[in-house]
Amino acid sequence: MPERLDTVVIGGGQAGLSLSYYLTQQGRTHIVLEKDRPGEAWRSKKWDSFTLVTPNWQFQLPGLAYDGDDPHGFLTRDQVVGYIDDYVALFDPPLRLGVEATFVEGKASGRGFTIGTDAGSLEASNVVIATGTFQRPRIPIFSQGITPDVIQLHSSRYRNPERLPSGAVLVVGSGQSGAQITEELYQSGKQVYLSTSGVGRAPRRYRGKDFAWWLDKIGFVDQTVDDLESPAERFDPNPHVTGKNGGHTLNLHQFALDGVTLLGRMEGATGSHVRLVDNLMQNLRTGDKAATEMKKGIDKFIEKSGIEAPEPKDEPQLRAGYEARVITELDLEAAGVRTIIWATGYSFDYSLVKFPVFDKFGYPVQKRGVTAQPGLYFLGLHWLHTIKSGLFLGIADDAAHVAAHIDAR
Ligand SMILES: Cc1cc2nc3c(=O)[nH]c(=O)nc-3n(C[C@H](O)[C@H](O)[C@H](O)COP(=O)(O)OP(=O)(O)OC[C@H]3O[C@@H](n4cnc5c(N)ncnc54)[C@H](O)[C@@H]3O)c2cc1C
């Protein structure tokens, strides 16, 4: 007979653990299935010098908030893992580690769920899918045609410059990870080629405060998914910026000044030959425009709210990227490139759920985690409800909402 439970939570990242915190408070029998370790995404999928981009004061798990003396600093990877370990020690969630859920389907009786796992089946009245959004490294198929002389790895497997072979590095993608890794590589003395994407730039600090502080005050992080002009906006990349060394803006023009070779989007490759789109200038304009618009939005908010803030300071108007030579073909061997780092993001896959609760993107159709299938929930996904649903800042509110819904059933 399969084991019967009230609630099964699938995924022991920050979302699954946060929900478990509330379910434990309710005294509800539940388990959290985690195929690896709690908070695995922080343990094995981030590079050595990784820091959060969100400031420490935004680290707010239910029952455990940042309590250090640097609220405006940025937690390192190992500090985040330390907090996850503290969280597990705090309330001892009923974790089943090393157990992977393989399917979730309706029971033959029509009430409740059967959850298949690699350690046998379970039955439950409620199932919460908290398996994250950044699940599978996304690497273009044409990577398979690239010469084996070049080592290829996804950003989730990059650790530090010393672990890479000697020679130049091609970083593909200039979102947060790609820009942060590029900075680390060229500062370590590596020659770097960066294939850019159309990603915005966030000025780290503006008019006396961190941009994350302003976005919070303005209410940007409280906008719900219904406020977006198009559902496709949920998948827009995050602007490049970093929390490293106390946090600073990452500017592709500065990269160009510092010797990085900027390229347009990579569209194909065969052997040692790489083809690039002639869209570098457009990508640079996207970054510059995003930074200008964010500053304008903050100015407008300051004016409207009457909040006291220092006058805007003229920032150096960097334009070096616009002077870069347009390159549409790159010979990896001739350029001395021995490594490609794919900072091309992640895809998600919720195919273990055998209910028709997905939109054309394969993203769950739900209202703040609650689906049309009674007892089936999602939690922790990027833009599940707001932009902070997938962040340490917003998980407590969403988890409380789902826990309350389960309690009311
Ligand atoms: C490069 C990068 C930088 C980021 N920076 C920040 C930041 O600065 N601030 C911030 O707040 N957020 C940041 N995030 C976002 C944040 O890391 C994620 O959104 C967060 O990890 C989501 O938590 P989660 O619990 O929903 O998912 P995850 O942390 O992905 O947890 C899901 C868990 O489910 C497990 N799992 C998956 N499938 C199964 C299965 N079938 N059976 C059992 N277990 C399963 C996985 O092993 C994993 O442990 C960043 C993300 C990335 C990728």
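Thresholds, definitions, all that
- Residues numbered from 1 in each chain as written.
- Predicted model: local features only at pLDDT ≥ 70, side-chain atom pairs only at ≥ 80, totals over all residues.
- Heavy atoms only, no water.
- Helix = DSSP H or I, 4+ residues; strand = E, 2+ residues; numbered from the N terminus.
- Buried < 20%, exposed > 50% of the residue type's maximum accessible area, 1.4 Å probe, protein only.
- Pairing = 2+ DSSP bridges.
- Axes fitted to C-alpha atoms, helices over the stretch in contact; angles between N-to-C directions.
- Expected span 1.5 Å × (residues − 1).
- Contact = heavy atoms within 4.5 Å.
- Core = buried A, V, L, I, M, F, W, Y, C linked by side-chain atoms within 4.5 Å.
- Phe/Tyr/Trp six-rings, centres within 6.5 Å; stacked < 30°, edge-to-face > 60°.
- Lys NZ or Arg CZ within 6 Å of the ring centre and 35° of its normal.
- Near = heavy atom within 4 Å.
- Polar contact = N/O pair within 3.5 Å; in protein donor to acceptor, adjacent residues only side chain to side chain.
- Areas by Shrake-Rupley, 256 points an atom, 1.4 Å probe, with all protein chains shown as cover.
- Nonpolar A, V, L, I, M, F, W, Y, C, P; charged D, E, K, R; others polar.

Caption draft 1: Quick peek at unusual backbone geometry. Residue Arg368 is not a glycine yet carries a positive backbone phi of 45°. Within the secondary structure layout, Arg368 lies in the loop between strand E20 (346-347) and strand E21 (376-378). Within the chain, Trp383 stands out as a residue other than glycine whose phi angle is a positive 60°. When you line up the elements, Trp383 lands in the loop between E21 and helix H9 (395-408). Residue Trp383 is classed as buried on the basis of its relative accessible area, which comes to 5%.

Caption draft 2: Structural view of the sheet that holds strand E15 (residues 261-263). Taken in spatial order, the 5 strands of this open sheet run E10-E19-E11-E12-E15, and their pairing is parallel. Each end of this open sheet is capped by a strand with a single partner; those strands are strand E10 (151-154) and E15. Strand after strand, the sheet turns through a mean of 20° between neighbouring axes, direction not considered. Bridge count between strand E12 (residues 192-195) and E15: 3 bridges; the pairing is parallel. In the strand pairing of E15, Ser195 is matched with Leu263.

Caption draft 3: Here's a closer look at helix H7 (residues 280-305). End to end, H7 covers 38 Å across 26 residues, agreeing with the expected 38 Å (1.5 Å per residue, within 8%). Those residues of H7 that fall on the buried side of the exposure criterion are Leu280, Met281, Asn283, Leu284, Gly287, Asp288, Ala291, Met294, Lys295, Ile298, Phe301 and Ile302. At the C-terminal side of H7, Gly306 shows a positive phi close to 75°.

Caption draft 4: Local environment of the sheet that holds strand E17 (residues 273-276). With antiparallel pairing, the 3 strands of this open sheet are ordered in space as E16-E17-E18. Two strands close off the open sheet at either side, each with one partner strand: strand E16 (266-270) and strand E18 (329-331). When the angles between neighbouring strand axes are averaged without regard to direction, this sheet yields 20°. Of the pairings in the sheet, the one linking E16 to E17 comprises 4 bridges and is antiparallel in character. Across the sheet, Thr270 pairs through a bridge with His273, a residue of E17.

Caption draft 5: The environment of Ser20, seen in detail. With respect to the helices and strands, the residue Ser20 is situated in helix H1 (residues 14-26). Sequence separation of Ser20 and Lys354 is 334 residues, and the distance between their C-alpha atoms is 23 Å. What Ser20 contacts, discounting residues up to four positions off in sequence, is His30, Val32, Phe91, Pro93 and Pro94.

Caption draft 6: Structural context of the nonpolar core. Counting residues in hydrophobic clusters, the biggest one holds 58 residues, and the most contacted among them are Leu185 and Phe255. Going through the elements one at a time, H1, helix H3 (77-91), strand E11 (168-172), helix H4 (176-187), E12, helix H6 (252-257), H7 and H9 are the ones with two or more residues in this core. Ranked by residues supplied to this core, first place goes to H3 with 7 residues. By size, the runner-up hydrophobic cluster in this structure holds 24 residues, among which are Leu5, Phe113, Leu352 and Tyr363.

Caption draft 7: Geometry of the packing of aromatic side chains. Summed over all chains, the structure comprises 25 aromatic pairs. Considering the side-chain rings of Tyr21 and Tyr87, the 6.2 Å spacing of their centres and the 20° angle between planes classify their relative orientation as stacked. Of this pair, Tyr21 sits in helix H1 while Tyr87 sits in helix H3, and the two are 66 residues apart along the sequence. A relative accessible area of 0% places Tyr87 in the buried class. Over the aromatic face of Phe50 sits the side chain of Lys46, whose NZ or CZ is 5.7 Å from the ring centroid. Positioned above the aromatic ring of Tyr363, the side-chain terminus of Arg234 is 4.5 Å from the ring centre.

Caption draft 8: Local environment of the site of the ligand. If you check the shell around the ligand, you find 31 residues, and the closest are Glu34, Val53, Thr54, Gly390 and Phe392. Gly380 is positioned with one of its backbone polar atoms (N or O) 3.3 Å from an oxygen atom of the ligand. One of the backbone nitrogen or oxygen atoms of Phe392 is found 2.9 Å away from an oxygen atom of the ligand. For the ligand, whose unbound accessible area comes to 1000 Å², protein coverage reaches 90%. Going through the elements one at a time, H1, strand E2 (30-34) and helix H2 (40-44) are the ones with two or more residues in the shell around the ligand. Of the residues forming the shell around the ligand, the biggest block, 3 residues, is contributed by H2. Residue composition of the shell around the ligand, grouped by class: 15 nonpolar, 10 polar and 6 charged.

Caption draft 9: How the structure looks around H9. Between its first and last C-alpha atoms H9 spans 20 Å; for 14 residues at 1.5 Å apiece the expected length is 20 Å, and the two agree. Looking at the packing, one finds that the buried side of H9 touches strand E1 (3-10), H1, strand E3 (60-61), strand E8 (120-129) and E21.

Caption draft 10: Structural detail: the side chain of Asp288. Position of Asp288 relative to the elements: it lies in helix H7. For Asp288, a relative accessible area of 15% translates into the label buried. One polar contact links Asp288 to Tyr322, side chain to side chain, over a distance of 2.5 Å. Beyond its immediate stretch of four places on either side in the chain, Asp288 contacts Arg201, His253 and Tyr322.

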